[in-house]
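Observations on the model geometry
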Amino acid sequence: MRTFTFYLLLAAFAINFGCSQPAKQSAKLGGNWDAFNRQQLENLINQYGKNSGDYNPDQPPYAVFDWDNTSIFLDIQEATLIYQLEHFHFGCTPEVLEEALRTGIDTKVALADQNEAGESITAEQVITDILASYNWLFANYAELGGSGSLSLEQVKENPHYANFTTKVRFLYDAIYNTFSADVSYPWVTYLFSGLDSARVTNMTIETVKWQQNQPIEKISWVSPGAEELAGQSAGQVKITWKNGLRLVPEMQELYHQLRDAGFDVWVCSASFVDVVKGIASFPEFGYNLDASHVIAMELERDSAGVILPEFRKDYFQTQGRGKTAAITRFLAGENGRYGYGPVLIAGDSEGDQDMLADFEDLKAGLIFNRLKGKEKLLGKLSENAVDSYQHNNATYLLQGRDENLGVLIPSQGTVLFGESSGQTLP
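Please read all numbers here as calculations on a predicted model, not as lab measurements.

1. Observations concerning the pattern of salt bridges
Using the criterion set out here, one finds 13 salt bridges in the structure. Its salt-bridge partner being Lys242, residue Glu403 comes within 3.2 Å of it at the nearest N-O pair. In this pair, Glu403 sits in the loop between β13 (401-402) and β14 (407-408) while Lys242 sits in strand β4 (residues 238-243), placing the two residues 161 residues apart along the sequence. Accessibility expressed as a relative area gives 4% for Glu403, which makes it buried. Here Asp348 makes a salt bridge to Arg370, at a shortest N to O gap of 2.6 Å. Of this pair, Asp348 sits in the loop between β10 (344-347) and α13 (353-357) while Arg370 is found in the loop between β11 (364-368) and α14 (377-387), placing the two residues 22 residues apart along the sequence.

Structure representation (structure tokens):
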């Protein structure tokens, strides 16, 4: 009897302490997620990650995230453009800049954006003014590679500086409004001509550090009038944009939890590849993405690695349908890294709507609600998220945020900049 009791106790000890497997840790996401979205994301991680009995490390699940206004608040390409203009980080001659400014656009077409006098203007007129000011800056600013001796503070006192910076930023928006994203998105990357990867990456890092200390607000620039700078072709122009880029803690955590659970994490972005790497892979910014997992806009480079004003040959514009094409080619297609599609895709705009809808293996499409895409595919996907809300079989998840604060909120609805209450659909 004593022996039997001993073996019962020994067996109980073995079951409770010796032979049992340690409890698997389920995913738990913090922060300001909508409660249903949080639960669905946790379920996805638990179902397809290492906790799943079907998990195969040789065929891991993977997620693809857009970057701008998805992984972060606001747009890193646009924020870097402002930093580039304010600190005058340019590396090309006036001749190369002219090539960059003209690439891909019909300069004779009247722009959708008028000047401050209400007059119709063309890209040709704006480019003429930009080049006139850049020639002056190239000849006078000591850091541009010409024979100039003036400091940045000194050149900023000259109206050519404000004319150049304002009209470059104005033209970027005007090209988008007049033509389309597939014209304006590559166009802005051509301004990196003459730089290399290290300079662009370092500029991006400095941009993020600077932006996080800026208030979230709209900023306007107005170019000099004729009384300050004579001989202008386009006249005086004004441009307004949103400032105050923020990192998103919930997305930092989601990236980490996915990787810890055995997922591969990728970014597919319409920003320039070195810009995205500069923020996504820099340890201080908390995403810790493998730099080789960035699929983004690419330009040609010379033998020394200097960026040229030419889109990379045989490559996709990584926006709109180009995102689907790039993911298929590099990841999901027959000759891709995996040969199957992502289980999680996240985006925020019409530029992401195709990849959110095109992959049969998708289990969750996370849409950051910017109240965009009405009567477009994105709008239909957002409506699907609203209709399937609180249903366990929901594929699309709509996540709200407060644009006044640059943070997620526990709701499907979003509070637009300048508003005080949320809205779910446009």
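More follows now that the structure is in view.
2. Notes on α14
Taken residue by residue, α14 has Leu378, Gly379, Leu381, Ser382 and Ala385 as its buried positions. Considered in projection along α14, the buried side chains sweep an arc of 160 degrees and stay on one side of the axis. Within α14, the exposed residues directed more than 90 degrees away from the buried face are Lys380 and Asp387. Buried residues belonging to α14 abut α13, β11 and β12 (396-399).

3. Thoughts on the pairing of β10
Residues Leu344 and Ala346 point to one face of β10 and Ile345 and Gly347 to the other, with burial holding for every one of them. Sheet analysis places strand β1 (residues 62-65) next to β10, joined by 3 bridges and oriented parallel. Considered in β10, the bridge of Ala63 is made with Leu344. The sheet contact formed by β10 and β11 spans 4 bridges and is parallel. Following the sheet pairing, Ile345 is matched in β11 by Gly365.

4. Describing the sheet that holds strand β6 (residues 264-272)
Ordered in space as β7-β6-β1-β10-β11-β12, the 6 strands form an open sheet in which the pairing is parallel. Each of the sheet's edge strands pairs with one partner strand only, and the pair in question is β7 (294-297) and β12. Between one strand axis and the next, the sheet turns by 15 degrees as a mean value, whatever way the strands run. In this sheet, β7 lies alongside β6 in parallel orientation, the contact comprising 3 bridges. Note that in β7 the partner of Phe272 across the bridge is Met297. Packed onto the sheet, helix α2 (residues 35-48) meets β10, β11 and β12 and runs at close to 135 degrees relative to β12.

5. Section: the packing of helix α3 (residues 76-87) against helix α9 (residues 197-211)
As a packed pair, α3 and α9 sit with axes 9 Å apart at the nearest point and diverge in direction by 95 degrees. Relative to α9, the element α3 is oriented roughly perpendicular. When α3 is examined against α9, the residues Ile76, Ala79, Thr80, Ile82, Tyr83, Gln84 and Glu86 are found in contact with a partner set consisting of Met203, Thr204, Glu206, Thr207, Val208, Trp210 and Gln211. For the contact of α3 with α9, the residue count by class is 7 nonpolar, 5 polar and 2 charged.

6. Examining the environment of Ile219
Mapped onto the fold, Ile219 is located in strand β3 (residues 217-222). By relative accessible area, Ile219 is classed as partly exposed at 22%. Sequence separation of Ile219 and Glu98 is 121 residues, and the distance between their C-alpha atoms is 27 Å. The residues contacting Ile219, other than those within four sequence positions of it, are Ile239, Thr240, Trp241 and Asn243.

7. Here we look at the packing of helix α4 (residues 94-102) against helix α5 (residues 123-140)
The description of two packed helices rests on the angle between their axes and on the distance between the axes. Direction vectors running N to C along α4 and α5 enclose 160 degrees, while the axes themselves pass 10 Å from each other. In terms of their interaxial angle, α4 and α5 are classed as roughly antiparallel. By crossing handedness, the relation of α4 to α5 is classed as right-handed. For the pair formed by α4 and α5, the contact residues are Pro94, Leu97, Glu98, Leu101 and Arg102 on the first element and Glu124, Ile127, Ile130, Leu131, Tyr134, Asn135 and Phe138 on the second. Of the residues that constitute the contact of α4 with α5, the class distribution is 8 nonpolar, 1 polar and 3 charged.

8. Some thoughts on the nonpolar core
Grouped together as the largest cluster of nonpolar side chains are 124 residues, with contacts concentrated most on Phe65, Trp67, Phe88, Phe164, Leu254 and Leu344. When sequence neighbours within four positions are dropped, the list of residues in contact with Phe164 reads Leu85, Phe88, Phe90, Leu97, Ile130, Ser133, Tyr134 and Leu137.

9. Some points on the side chain of Gln84
Following the sequence through the fold, Gln84 ends up in helix α3. Not counting the four nearest positions on each side in its chain, Gln84 is found in contact with His89, Phe90, Leu191, Phe192, Leu195 and Met203.

So, how was this worked out
Residues numbered from 1 in each chain as written. Predicted model: local features only at pLDDT ≥ 70, side-chain atom pairs only at ≥ 80, totals over all residues. Heavy atoms only, no water. Salt bridge = Lys/Arg side-chain N within 4 Å of Asp/Glu carboxyl O. Helix = DSSP H or I, 4+ residues; strand = E, 2+ residues; numbered from the N terminus. Buried < 20%, exposed > 50% of the residue type's maximum accessible area, 1.4 Å probe, protein only. Arc of directions from axis to C-beta. Contact = heavy atoms within 4.5 Å. Pairing = 2+ DSSP bridges. Axes fitted to C-alpha atoms, helices over the stretch in contact; angles between N-to-C directions. Parallel < 35°, antiparallel > 145°, perpendicular 65-115°, else oblique. Nonpolar A, V, L, I, M, F, W, Y, C, P; charged D, E, K, R; others polar. Left-handed = near helix turned anticlockwise from the far one by under 90°. Core = buried A, V, L, I, M, F, W, Y, C linked by side-chain atoms within 4.5 Å.

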